[in-house]
Amino acid sequence: MLSTTAADPPIQVLLVDDEPRLRTFLKEELEAESYQVSTAADAAGAWDQLDHPSPPDLLVLDWNLPDGSGPELCQRMRDAGITLPVLMLTGHDDVTDRVHALDAGVDDYLVKPFSVEELLARLRALQRRRWEAEPVEPDQLLQLAGLELNLTAGCASLDGEPLPLLQKEFELLQALMRADQQACGQADLLAVVWGLAEFDGDALLEVYAESLQGKLRTRQGALQIEPCGAGAWRLVQRGLAP
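The model shown is predicted, which means the values in this text are computed figures rather than measured ones.

What counts, and at which threshold
Residues numbered from 1 in each chain as written. Predicted model: local features only at pLDDT ≥ 70, side-chain atom pairs only at ≥ 80, totals over all residues. Heavy atoms only, no water. Pairing = 2+ DSSP bridges. Helix = DSSP H or I, 4+ residues; strand = E, 2+ residues; numbered from the N terminus. Contact = heavy atoms within 4.5 Å. Axes fitted to C-alpha atoms, helices over the stretch in contact; angles between N-to-C directions.

Colleague: Any chance you could explain the sheet that holds strand E8 (residues 141-144) here in plain terms?
Modeller: Neighbouring strands of a sheet are bound in pairs by backbone hydrogen bonds; such pairs are parallel or else antiparallel. Read from one edge of the open sheet, 4 strands run E8-E9-E10-E11, paired in antiparallel fashion. With one partner strand each, in any of the chains shown, E8 and strand E11 (161-162) form the two edges of the open sheet. Both strand E10 (residues 155-158) and E11 contribute to a ladder of 2 bridges, which runs antiparallel. Residue pairing in the sheet places Ser 157 in a bridge with Pro 162 of E11. Lying over the sheet, helix H6 (residues 167-178) contacts E8, strand E9 (147-150) and E10, oriented at roughly 110 degrees with respect to E9.

Okay, structure coming up:
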C-alpha cells in the first residue's frame, strides 16, 4: 500500500478511460492503495480537471478516447505548461506508436493487458521521480565540439546556430554528453530519458540515434552517436571526412 502519513494529503490521480467497467475497476484498485481518484471518460472531461488551479498529481491516460487521443491530450498539456507525470495505457505496441506517445510528453507507457501490480509499481516510480527531481542551476551548459545544450533554457545550438530538437532528443543528448564520450547503458538511458524500468529499448534508441545523427555534423568535427555493445550507446567526436 502507498506510504502516507497523517500530515500528507493523499496523492490525487486523474484516471481517463472511456471503458466504464475498466475505469470503475481501476478506480477501486487505486483507492484501495490510498490514492484519491477522479475520473473522466473523454479528453474534454479530462481537460476540465487538468486546466484547474489544483490539478491532479498523476494522470493515468488511455490512448483511444471518444473525442481525440491520449497523446493529443498530453501534447496539449505540455504546450500549456502542465508538467504532471503521465502514464499511458494502450494496446498500441509498435515502436513508432511508443515514440509518438513519448514525444508527446508521456512519461511511461503500459501495454494492455497489464497487471494491477505493474500499474501500481509504475505510478510509484513516477511519484519518486517527481519528488526527487532537483532544480537545474541557472545557465548550466553542456558542450562538446560545436554542440551546446543549455539546460536552464532547455534549448540547443550547433556551431552557434539554434538546433531544433524534440524534447526526448534533447534529453537523450543530455544523458550522452554527461557521460563525456563514455558508454551509456541501455537501461540507464531508458530510465533517465523515458522513465522506463523494463522495456526492450533497442529499436527505440535506434530510432532516436538515426534521427539525431543527421543533425550533429559540426565544423569542429563530426559528432557520432554509436552503439558500443550490449545495448549501450555513446556520443563521440570524430574528425570530419575529407
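Colleague: Whenever I open this one, the sheet that holds strand E7 (residues 108-111) confuses me. Can you help?
Modeller: Spatially, the 5 strands line up as an open sheet ordered E2-E1-E3-E6-E7, and their pairing is parallel. This sheet does not close on itself; its edge strands, each paired only once, are strand E2 (36-40) and E7. In this sheet, adjacent strand axes meet at a mean angle of 20 degrees when their direction is disregarded. Two strands pair when backbone bridges link them, and strand E6 (residues 86-90) and E7 are joined in this way by 4 bridges, in the parallel orientation. Bridging from a neighbouring strand, Thr 90 pairs with Val 111 of E7.

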